[in-house]
Amino acid sequence: MKLTMKNLQGQLVKSINASDRIFGARWNPTLVHQVMVGQLANNRQGTASTKTRAEVSGGGAKPFRQKGTGRSRIGSSRNPARVHGGVAFGPKPRKYSLKVNKKVKKIAKKSVLSQKLLDKKLIIVDSFEISSAKTKEFSMILNGFNLSNVKTTILLNEINDNVVLGSRNLKNIYL
């Protein structure tokens, strides 16, 4: 498969050969969904917590005697039905992590890359170097590729400080 490589001005530099195993994979929405759900679940902290009736302070003594008051029987002032009581079925800290197999992740990545190529949403640039760490210069490059108001992911071989500093003030840019 032939892919075109451009420079920062948007001009065609050369065409390169790409593997059909990567960029020729068929779209597999099930695996892509599985990987996406796994990543979102693994990002969750799971630290939400509420106090049960055992953890709320107070409530040790019986509030009033069992018989003779004309009120209902009650053993603790901290049961969930009362004010200042504990929470009945509230959240407790837990892990939301989901395991996704390595092969599934690999197939999903290939599927997404090949779909992006088919949709003409994949641009290959020969070298992404900017002379200064200015957001304006970085924004001009994006405008040249018509990517100013689009969510954009940029993959680099190595970290370039000017690119990092120039892109961090822009919305929807993931470096």
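The structure under discussion appears in the preceding block.
Within each chain, residue numbers correspond to sequence positions counted from 1 in written order. This being a predicted model, a pLDDT of at least 70 is required before a residue's local features are given, and a value of 80 or more before pairs of side-chain atoms are given or counted; all residues contribute to the totals for chains, interfaces and linings. Remark: hydrogens and water are excluded; side-chain values derive from all non-hydrogen atoms of the structure.

## Brief notes about the packing of aromatic side chains
In step 1: Pairing of aromatic side chains requires ring centres within 6.5 Å, counting the rings of Phe and Tyr and the six-membered ring of Trp. Pairs whose planes differ by under 30 degrees are stacked, by over 60 edge-to-face, and all others tilted. Counting across every chain of the model gives 1 aromatic pair.
In step 2: Any Lys NZ or Arg CZ that is within 6 Å of a ring centre and within 35 degrees of that ring's normal is treated as a charge sitting over the ring. We note R44 situated over the ring of Y96; from NZ or CZ to the ring centre the distance is 3.6 Å.

## Here's the deal with the pairing of strand β2 (residues 12–17)
In step 1: A pair of strands is treated as paired once DSSP finds two or more bridges between them. Helix and strand assignments come from DSSP, with helices taken as H or I runs of at least 4 residues and strands as E runs of at least 2, each series counted from the N terminus. Here 5 bridges tie strand β1 (residues 2–6) to β2, and the two strands are oriented antiparallel to one another. Paired with M5 across the strands is K14, a residue of β2.

## Overview of the environment of K102
In step 1: Here K102 lies in helix α3 (residues 102–118).
In step 2: On the accessibility criterion, K102 (74% relative accessible area) is exposed.
In step 3: When the C-alpha atoms of K102 and V35 are compared, they prove to be 9.9 Å apart, with 67 residues separating the residues in sequence. Each residue's exposure class comes from its accessible area (1.4 Å probe, protein chains only) as a fraction of the maximum for that residue type: buried when under 20%, exposed when over 50%, partly exposed otherwise.

## Observations regarding a nonpolar patch on the surface
In step 1: Put simply, a patch holds well-exposed residues, over 30% relative accessible area, that have no salt bridge, with like charges counted together within 9 Å and Val, Leu, Ile, Met, Phe, Trp or Tyr side chains within 5 Å. Accessible surface area values rest on a Shrake-Rupley calculation with a 1.4 Å probe, where residue burial reflects the displayed protein chains alone. Salt bridges are counted wherever a side-chain nitrogen of Lys or Arg sits within 4 Å of a carboxyl oxygen of Asp or Glu. A contiguous nonpolar patch, built from M36, V37, L40 and L98 and spanning about 350 Å² of accessible area, is present on the exposed surface.
In step 2: Note on V37: relative accessible area 32%, which makes it partly exposed.

## Side note on the nonpolar core
In step 1: Working definition of a nonpolar core: buried Ala, Val, Leu, Ile, Met, Phe, Trp, Tyr and Cys residues. They are joined through side-chain atoms within 4.5 Å. Formed by L8, F128, I130, F138, I141, L142, F145, L147, I154, V163 and I173, the largest nonpolar core amounts to 11 residues.
In step 2: In what follows, a contact means two residues having at least one pair of non-hydrogen atoms within 4.5 Å. Other than its neighbours up to four places away in sequence, V163 contacts F128, I130, F138, L156 and L175.
In step 3: Counting residues in each nonpolar core, the second largest holds 6 residues, with L31, V35, V100 and V104 among its members.

## Considerations on the side chain of T152
In step 1: Topologically, T152 is positioned in strand β4 (residues 152–153).
In step 2: Judged by its relative accessible area of 7%, T152 is buried.
In step 3: Between N or O atoms, a polar contact is any pair within 3.5 Å; within protein, one atom must be a potential hydrogen donor and the other a potential acceptor, and residues adjacent in sequence are included only when both atoms are from side chains. Here V150 takes part through its backbone oxygen, which lies 2.9 Å from a polar atom of the side chain of T152.
In step 4: Once residues within four sequence positions are removed from consideration, T152 is found in contact with L147, N172, I173 and Y174.

## Digging into helix α2 (residues 29–43)
Structurally, the α-helix is built with 3.6 residues per turn, so residues lying three or four positions apart point the same way.
In step 1: The span one expects for a helix is its residue count, reduced by one, times 1.5 Å. With 15 residues, α2 should cover 21 Å at 1.5 Å per step; its first-to-last C-alpha distance of 21 Å lies within 8% of that length.
In step 2: Taken as a whole, α2 has its buried residues at L31, V32, V35, G38 and A41.

## So, α3
In step 1: Under the 1.5 Å per step criterion, the end-to-end length of α3 is 25 Å for 17 residues, consistent within 8% with the ideal 24 Å.
In step 2: In this structure, the buried side of α3 is in contact with β1, α1 (20–23) and α2.
In step 3: Of the residues one or two after α3, K120 is the one with positive phi, at around 60°.

## Some words on unusual backbone geometry
In step 1: We note that H84 has phi near 70°; this positive angle belongs to a residue other than glycine.
In step 2: Looking at where H84 falls in the secondary structure, it is placed in the loop between α2 and α3.
In step 3: Relative accessible area serves as the criterion here: at 60%, H84 is assigned to the exposed category.
In step 4: A positive phi is found at K120, a non-glycine position, where the angle reads about 60°.
In step 5: Along the chain, K120 falls in the loop between α3 and β3 (124–125).

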